[in-house]
Amino acid sequence: MTLNVIPTLDTGMDERSNFAPPSGPRFVRFGPFQVDQQRQEVTRNGARLKLQGKVYQVLVALLHKSGEVVTREELRQRLWPADTHVNYDANVNTTVNKLRQVLGDSTDKPLYIETIPRKGYCLLVTSEASDVPCGPLAPNAVTEHASPLTAAAPSQEPAPARSGFWIPIGVVGLILAGMLLGAGITITTLYISHFAQVTRWP
């Protein structure tokens, strides 16, 4: 009998087209990650991550039961058709480990995915669902909706710096002008007195 075996390594992005996007909010966020369920994309702080089809489906399954145990049987039914003959245990382990690598997680000190012995897996962090993107997009929205007064504030800041810069120069200029004026008066006085003495001398 010929077995219909699906190798774990051959899980490309095209597999996602086999899964209908779940109903409900489009975006799901957990930690620094955001899942766009409509486009079936995952980003971390705005940077898109590369997830294979089955790896993405494991993440979605965990998100939909955040804080609860997702059994290995549930993952098997979600990832492989009933008529598929495959080493489910090995493939589930490999797929979950790939997801951990993408998330930067580990089995020793899990931050996101905990292994429940002889049962399945559990997402340790809470998730938030929304119809609008969140996270890295928020700062851009604040910038776009900034009030005119806020936008004008930076252009007004250099003015005090400029006035503060010219005050010492003006003071120095006045001092120099006074010194030159005083020197000029002194020289003029000396010249006049000298000229008067010369004219008086026979």
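Preceding this section is the structure that the text describes.
Residues numbered from 1 in each chain as written. Predicted model: local features only at pLDDT ≥ 70, side-chain atom pairs only at ≥ 80, totals over all residues. Heavy atoms only, no water.

Student: Account for the sheet that holds strand 4 (residues 47-49), with residues named and values stated.
Tutor: One open sheet accounts for five strands, arranged 4-3-2-1-8; its pairing is antiparallel. On the outer flanks of this sheet lie strand 4 and strand 8 (128-130), each paired with one strand and no other. Each adjacent strand pair in this sheet contributes to an overall mean axis angle of 30 degrees, direction not counted. In this structure, strand 3 (residues 41-44) lies alongside strand 4, joined through three bridges in antiparallel fashion. Of the residues in strand 4, the one forming a bridge with Val42 is Leu49. Strands in contact with helix 1 (residues 53-64) are strand 1 (27-30), strand 2 (33-36) and strand 3; relative to strand 2, the strand with the most contacts, it is inclined by about 105 degrees. (Pairing = 2+ DSSP bridges. Helix = DSSP H or I, 4+ residues; strand = E, 2+ residues; numbered from the N terminus. Axes fitted to C-alpha atoms, helices over the stretch in contact; angles between N-to-C directions. Contact = heavy atoms within 4.5 Å.)

Student: Requested: an account of the pairing of strand 1, with residues and values cited.
Tutor: Within a regular strand, the side chains alternate between the two sheet faces. Taken together, the four bridges between strand 1 and strand 2 define a ladder with antiparallel strand orientation. Each bridged residue has a counterpart across the sheet, and for Phe27 the counterpart in strand 2 is Asp36. Note that strand 1 and strand 8 share three bridges and pair antiparallel. Bridge pairing in strand 8 places Arg29 opposite Glu128.

Student: Outline the packing of helix 2 (residues 72-79) against helix 3 (residues 88-103), supporting the account with residue identities and numerical values.
Tutor: Their axes nearest at 10 Å, the elements helix 2 and helix 3 cross at an angle of 90 degrees. The angle between helix 2 and helix 3 falls in the class roughly perpendicular. Counted together, Arg72, Leu75 and Arg76 of helix 2 and Tyr88, Asp89, Val92, Asn93 and Val96 of helix 3 form the full contact between these two elements. When grouped by side-chain class, the residues that make up the contact of helix 2 with helix 3 number four nonpolar, one polar and three charged. (Parallel < 35°, antiparallel > 145°, perpendicular 65-115°, else oblique. Nonpolar A, V, L, I, M, F, W, Y, C, P; charged D, E, K, R; others polar.)

Student: Could you give an account of the sheet that holds strand 6 (residues 113-116), naming the residues involved and the relevant values?
Tutor: Taking strand neighbours across the sheet as the criterion, the three strands line up as 5-7-6 in an open arrangement whose pairing is antiparallel. Lying at the two open borders of the sheet, with one neighbouring strand each, are strand 5 (69-71) and strand 6. Geometrically, the sheet is characterised by an average inter-axis angle of 30 degrees between neighbouring strands, direction not taken into account. Sheet topology note: the strand 5/strand 7 (residues 120-123) ladder contains three bridges and is antiparallel. The residue bridging Thr71 from the neighbouring strand is Gly120, located in strand 7. Each of strand 5, strand 6 and strand 7 touches helix 1; the most contacted strand, strand 7, lies at about 65 degrees to it.

Student: Summarise the pattern of salt bridges; cite the residues concerned and give the values.
Tutor: Going through the model one piece at a time under the given rule, you end up with six salt bridges. Residues Glu41 and Arg39 are paired through a salt bridge, measuring 3.4 Å at the closest nitrogen-oxygen approach. Accessibility expressed as a relative area gives 14% for Glu41, which makes it buried. (Salt bridge = Lys/Arg side-chain N within 4 Å of Asp/Glu carboxyl O. Buried < 20%, exposed > 50% of the residue type's maximum accessible area, 1.4 Å probe, protein only.)

Student: Can you break down the packing of helix 1 against helix 3 residue by residue, with the values?
Tutor: In contact at an axis separation of 9 Å, helix 1 and helix 3 are set at 80 degrees when each is read in the N-to-C sense. Here helix 3 runs roughly perpendicular to helix 1, going by the angle between their axes. In this structure, helix 1 contributes Lys54, Val55, Val58, Leu59 and Leu62 to the contact, and helix 3 contributes Thr95, Val96, Lys98 and Leu99. Partitioned by chemical class, the residues of the contact of helix 1 with helix 3 number six nonpolar, one polar and two charged.

Student: Describe the pairing of strand 7, and please don't skip the residues or the numbers.
Tutor: Two strands pair when backbone bridges link them, and strand 6 and strand 7 are joined in this way by four bridges, in the antiparallel orientation. Note on strand 7: the bridge partner recorded for Ile116 is Gly120. Following strand 6, the chain reverses through three residues before pairing antiparallel with strand 7; Arg118 in that reversal takes a positive phi of roughly 60 degrees.

Student: Any chance you could break down unusual backbone geometry for me, citing the residues and the numbers?
Tutor: Non-glycine residue Gln40 carries a positive phi angle of around 55 degrees. Checked against the element boundaries, Gln40 lands in the loop between strand 2 and strand 3. Since its relative accessible area comes to 9%, Gln40 is described here as buried. Its identity as a non-glycine residue notwithstanding, Arg118 has a phi of 60 degrees, on the positive side. Relative to the assigned elements, Arg118 resides in the loop between strand 6 and strand 7. We classify Arg118 as exposed; its relative accessible area is 83%.

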